[in-house]
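The lines below spell out each chain.
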Amino acid sequence: MNTSISIIPKPLSVKVTNNTFDFPFDSVSIHTNTNNQSIQKQMERAFTITGIRVSDKGFPVNIEVNRFDGITSDEEYKLSSFAKEIQIQAQNFKGAFYACISAAQILFSCKGKLPEFVIEDKPECSWRGFLLDTSRSFYSTDFIKKMLNACALHKLNIFHWHLTDDQGWRFEVPAFPRLTAIGSKRQALTMPPSEEGLFDEGKEIRRWYSDEEIKEIVEYAAELCIQIVPEIEFPGHSSALLAAYPEYGCTGGPYQVENRWGIFPDLLCLGNDKVFTIYKAALTKIAQLFPSPYIHIGGDECPHERWENCPKCQERIKKEGLDSVAQLQAWGTKKIVSIVNDLGKTPIGWDEVLDNNGQNPLPQNVIVQSWQGTQGGIKAAAKNHKVIMSPCAYYYLNFKNLDSFEEEGRLGVTTCKKTYSFSPDSKNLKLESQDQHRLILGGECTLWTEMLPHSRTAEYLLFPRFCAAAETFWLPEEKKDFEDFKERIPLHKELLHRLNYRFYEGPLE
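Residues numbered from 1 in each chain as written. Predicted model: local features only at pLDDT ≥ 70, side-chain atom pairs only at ≥ 80, totals over all residues. Heavy atoms only, no water.

Regarding the overall build of the chain
Okay, step 1: Along its length, the chain carries 17 helices and 17 strands.
Okay, step 2: Expected size for 509 residues packed as a compact globule is a radius of gyration near 23 Å; at 24 Å, the chain falls within 12% of this value.
Okay, step 3: Counting only C-alpha atoms, the chain reaches 80 × 55 × 50 Å along its principal axes.
Okay, step 4: Out of the 509 residues belonging to the chain, those deemed buried represent 61%.
Okay, step 5: Counted over contacts in the chain with a minimum sequence separation of 6, partners at least 24 positions apart contribute 74%.
Okay, step 6: Total accessible area on the chain is roughly 20,000 Å²; 47% of this is exposed by carbon and sulfur atoms.
Okay, step 7: Taken together, the 57 basic and 67 acidic charged side chains of the chain have centroids lying 1 Å from each other. (Helix = DSSP H or I, 4+ residues; strand = E, 2+ residues; numbered from the N terminus. Rg over C-alpha atoms; globule rule 2.2 N^0.38 Å. Buried < 20%, exposed > 50% of the residue type's maximum accessible area, 1.4 Å probe, protein only. Contact = heavy atoms within 4.5 Å. Areas by Shrake-Rupley, 256 points an atom, 1.4 Å probe, with all protein chains shown as cover. Lys, Arg positive; Asp, Glu negative; His and termini not counted. Charge placed at Lys NZ, Arg CZ, Asp CG, Glu CD.)

In C-alpha cells, the structure reads:
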C-alpha cells in the first residue's frame, strides 16, 4: 500500500497512481443518488465520527447506492478519487458507510495532498465484534457511544454488551425490581467513582441503564451499522441476582453483589422452577429492548459443587434421569434456549455449553463462542454449530500489552503482534471440511473490566490491539502483513489521539 493511503483495517485491494491534487481537509460535502434522509444521515455520521465536518461547500464526495457489476454483497464497496472528487459505489448503505469510513481515514492521513486511487473492498468475516463488560465496571452512556464510534471507525458490526455478572445487574426487569435496586450496587472501592469524584461509601448512585438509555444506544449503534448483542449470564456468574433474590440459590444465602474478582461457588438452583420464571421475564425484557436477532446466554465458568449438596438439584437430577450434576447445566441450558427461541431470537453461548450434554444435546441453532482457545470452536463446527472465535490468548484485551508489573492489565500478556497473528477462520484450525469452515462466522475481541473503573484506562488497554483485531476480522489470512500494519499505526494513532482516545505507546511485539 502507498504510504499516503493509510486505512485500518487495510482494504482488500488498493491501486494508487502518481497523480495528486490539493484539497481542503476541513470539511466534505456529501451527494447521494437517493433522497433517503436516513442514508444521508448515516453517511454524514461516518465522517463526523472521524472528526471531519460535513458542509455544503466542502470537498465533494459522490455516493451511489445501486446494483453494480462486481459488487455482490451488502458490505462491499468501491472507492475512487479523480478530478478532484471522491466517488463511492455500493449496492447497500452498509457498503457505502464503510466506504465513507475509508475515505475519511484517507483524507486525514493524506494531509491535504490526495492521490488518485481505486479501492475495492469487502470483509472476510460477517461477524466482527467487540465485547464490553459493564458489570464489573459501570461505564457512562457517553463512553459506550464513544466505543461504538471506535467500532464503526474500524468497521466492526457487532457490539456485545455484557450486562449481568457477579458484580452487578445493569438493566431493569419490572416484575423483579430488586435486580437493580439491590443487584446493581456493591460496597467496595472496586466501584467506579461517584459524580463528585469520590468513591461510593454509602452513597446511592444509579448503576444500571434505564430503558430510555438502552434504546438511545441501540438507535445510535444502528446509525453506525452496528447491532448490539446483549448478554445475560446463566447459570453461573449470578451473585448479583442472588443478592437480590436469595431464594433462587441453593443455600438461600446470605449472598452479596461481589466486590471481588474470580469464579464463585454460588450459582442458580436448577431444582427451583422459579429460576426459569425470573429468566423468562429478564429475557423477554431484553428481547423488547434489543432488536438484534441474537441473545447471549453466557454459560461459562460454572462450578457445580453447590448442586452436589442441594436437595432440590438432586431431586431434579433424579427426576430428569441425569447421570450427574455435570449434566444439570446442559439440562438448564436447553430450557433457557427454549425461552430464547420462543422469543424469536437465536441463542449464543460460551464454549462450555458444549460440555456434559450427552443426555441433553445442545440445540442446533445455538451459536458457540469459543473463548478458552480454538478447540471449542472446532468441536462446535464438527457438530454443525455456527461459531464465533474469541480465543482469550489473542483477543482478550484486558491482558497486559507488555510483560511488566508496571503495565495495566491482568491475567496474561498479549502483544499487538500476537493479536494480529490470529485469524478467526485460519487454515491452521484443522477443520475437517469447507462446510465446517463456512460455519466460522468471524471473531470478537473482548474487554473484561475487573480493576478498570475508569474508562480512560480501558482505552489504554484497547488501542492498538483493538485495531489489530479489527484487521484480522476484515482481511483474509493471506492478505495480512504485520510489518505493513506497523507502518500504518503511527498515522492511525494520530487520528485516535485527535478523537480523544488513549493509546498504549510501548512495543508492539
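Now that the structure is up, let's keep going.
Observations concerning the packing of helix H2 (residues 93-110) against helix H17 (residues 482-498)
Okay, step 1: In contact at an axis separation of 10 Å, H2 and H17 are set at 100° when each is read in the N-to-C sense. Considering the angle they form, H2 stands roughly perpendicular to H17. Contacts between H2 and H17 pair Gln105, Phe108 and Ser109 from the former with Leu491, His492, Glu494, Leu495 and Arg498 from the latter.
Okay, step 2: Across the contact of H2 with H17, the residue classes break down as 3 nonpolar, 3 polar and 2 charged. (Axes fitted to C-alpha atoms, helices over the stretch in contact; angles between N-to-C directions. Parallel < 35°, antiparallel > 145°, perpendicular 65-115°, else oblique. Nonpolar A, V, L, I, M, F, W, Y, C, P; charged D, E, K, R; others polar.)

Here's the deal with the confidence of the model for the chain
Okay, step 1: With 95% of its residues at a pLDDT of 70 or more, the chain has an overall mean of 92.
Okay, step 2: Contacts of residues 197-201 to residues separated by more than four positions or lying in other chains number 13 contacts, the stretch itself having pLDDT below 50. (pLDDT = per-residue confidence, 0-100.)

Examining the side chain of serine 423
Okay, step 1: Within the secondary structure, serine 423 is located in the loop between helix H13 (416-421) and helix H14 (434-438).
Okay, step 2: What makes serine 423 buried here is its relative accessible area of 4%.
Okay, step 3: The contact partners of serine 423, leaving out residues within four places of it in the chain, are Glu477 and Lys480.

Description of the nonpolar core
Okay, step 1: Phe47, Leu114, Phe130, Phe159, Trp161, Phe463 and Phe466 are the most contacted members of the largest nonpolar core, which totals 151 residues.
Okay, step 2: The element that contributes the greatest number of residues to this core is H2, accounting for 12 residues.
Okay, step 3: Those residues in contact with phenylalanine 466 that lie beyond four places of it in its chain are Phe130, Met147, Ala150, Cys151, His154, Leu156, Leu397 and Cys445.
Okay, step 4: Core analysis: the second largest hydrophobic core is formed by 8 residues, Trp127, Val229, Ile367 and Leu441 among them. (Core = buried A, V, L, I, M, F, W, Y, C linked by side-chain atoms within 4.5 Å.)

Focus: the packing of aromatic side chains
Okay, step 1: Tallied over the entire structure, the rule returns 30 aromatic pairs.
Okay, step 2: Following the ring pairs from residue to residue traces out a cluster consisting of Phe130, Phe138, Phe159, Trp161, Tyr209, Phe290, Phe463, Phe466 and Tyr501.
Okay, step 3: Just above the ring of tyrosine 501 sits the side chain of lysine 146; from NZ or CZ to the centre is 4.9 Å. (Phe/Tyr/Trp six-rings, centres within 6.5 Å; stacked < 30°, edge-to-face > 60°. Lys NZ or Arg CZ within 6 Å of the ring centre and 35° of its normal.)

Focus: the pairing of strand E12 (residues 227-231)
Okay, step 1: Across the 5 residues of E12, 4 count as buried, placing the element largely inside the fold.
Okay, step 2: The pairing of strand E9 (residues 158-162) with E12 spans 5 bridges and is parallel. In the strand pairing of E12, histidine 160 is matched with valine 229. (Pairing = 2+ DSSP bridges.)

A few points about the environment of valine 413
Okay, step 1: Within the fold, valine 413 resides in the loop between helix H12 (392-395) and H13.
Okay, step 2: Valine 413 sits 19 residues away from tyrosine 394 along the chain, and the two C-alpha atoms are 9.3 Å apart.
Okay, step 3: Other than its neighbours up to four places away in sequence, valine 413 contacts Phe399, Lys400, Asn401, Leu402, Asp403 and Lys418.

Regarding H17
Okay, step 1: With 17 residues, H17 should cover 24 Å at 1.5 Å per step; its first-to-last C-alpha distance of 24 Å lies within 8% of that length.
Okay, step 2: Maximal helix bending in H17 amounts to about 40°, located at isoleucine 489; proline proline 490 follows within four positions.
Okay, step 3: When we look at burial in H17, the residues that qualify are Phe482, Asp484, Phe485, Arg488, Ile489, His492, Leu495 and Leu496.
Okay, step 4: If you follow the buried residues of H17, they end up packed against H2, helix H3 (141-153), H13 and helix H16 (465-474).
Okay, step 5: Between the side-chain oxygen of the N-cap and the backbone nitrogen of glutamate 483 there are 3.1 Å, and the N-cap of H17 in question is aspartate 481. (Expected span 1.5 Å × (residues − 1). Bend = angle between axes of the 7 residues up to and from the residue. Polar contact = N/O pair within 3.5 Å; in protein donor to acceptor, adjacent residues only side chain to side chain.)

Things to note about the pairing of strand E4 (residues 59-65)
Okay, step 1: As judged from the 5 bridges shared by strand E2 (residues 27-32) and E4, these two strands associate in the parallel manner. Residue histidine 31 lies in a different strand from E4, and its bridge partner there is asparagine 62.
Okay, step 2: Bridge count for E4 against strand E6 (residues 85-90) is 5 bridges, and the pairing is parallel. Looking across to E6, one finds that valine 61 is bridged to isoleucine 86.

Things to note about the sheet that holds E4
Okay, step 1: Taken together, 7 strands build an open sheet; the order of strands is E1-E7-E5-E6-E4-E2-E3 and the sheet is mixed. Looking at which strands have only one partner, the edges of the open sheet turn out to be strand E1 (13-22) and strand E3 (53-54).
Okay, step 2: On the sheet, H2 packs against E2, E4, strand E5 (77-82), E6 and strand E7 (113-121) and is oriented at approximately 40° with respect to E5.

Focus: helix H9 (residues 311-320)
Okay, step 1: Within the span of H9, buried status applies to Cys313, Arg316 and Ile317. Buried residues along H9 cover an arc of 100° about the axis, so they all sit on one side. Across from the buried face of H9, at angles greater than 90 degrees, the exposed residues are Pro311, Lys318 and Lys319.
Okay, step 2: On its buried side, H9 packs onto helix H8 (305-308) and helix H10 (326-342).
Okay, step 3: Residue glycine 321 follows H9 closely and has a positive phi angle near 70°. (Arc of directions from axis to C-beta.)

Topic: the state of the cysteines
Okay, step 1: Across all of its chains, the model carries 0 disulfides by this definition.
Okay, step 2: The structure places no disulfide on cysteine 100, whose sulfur is separated from the nearest cysteine sulfur, that of cysteine 225, by 9.8 Å.
Okay, step 3: Looking at cysteine 100, the relative accessible area reads 0%, which means it is buried.
Okay, step 4: The thiol of cysteine 110 is not disulfide-bonded; the next cysteine sulfur, from cysteine 100, is found 16 Å away. (Disulfide = S-S within 2.5 Å.)

Here we look at the environment of asparagine 500
Okay, step 1: Positionally, asparagine 500 belongs in the segment after H17.
Okay, step 2: You can call asparagine 500 partly exposed: its relative accessible area is 45%.
Okay, step 3: Beyond its immediate chain neighbours, meaning those up to four positions away, asparagine 500 contacts Lys146, Arg456 and Glu459.

What to know about the pattern of salt bridges
Okay, step 1: Taken as a whole, this structure holds 26 salt bridges when the rule is applied.
Okay, step 2: Across the salt bridge formed by arginine 136 and aspartate 133, the nearest N and O atoms sit 3.0 Å from each other.
Okay, step 3: By relative accessible area, aspartate 133 is classed as buried at 0%.
Okay, step 4: Several salt bridges share partner residues, and in doing so they unite Lys10, Glu471, Asp484 and Arg488 into one network. (Salt bridge = Lys/Arg side-chain N within 4 Å of Asp/Glu carboxyl O.)

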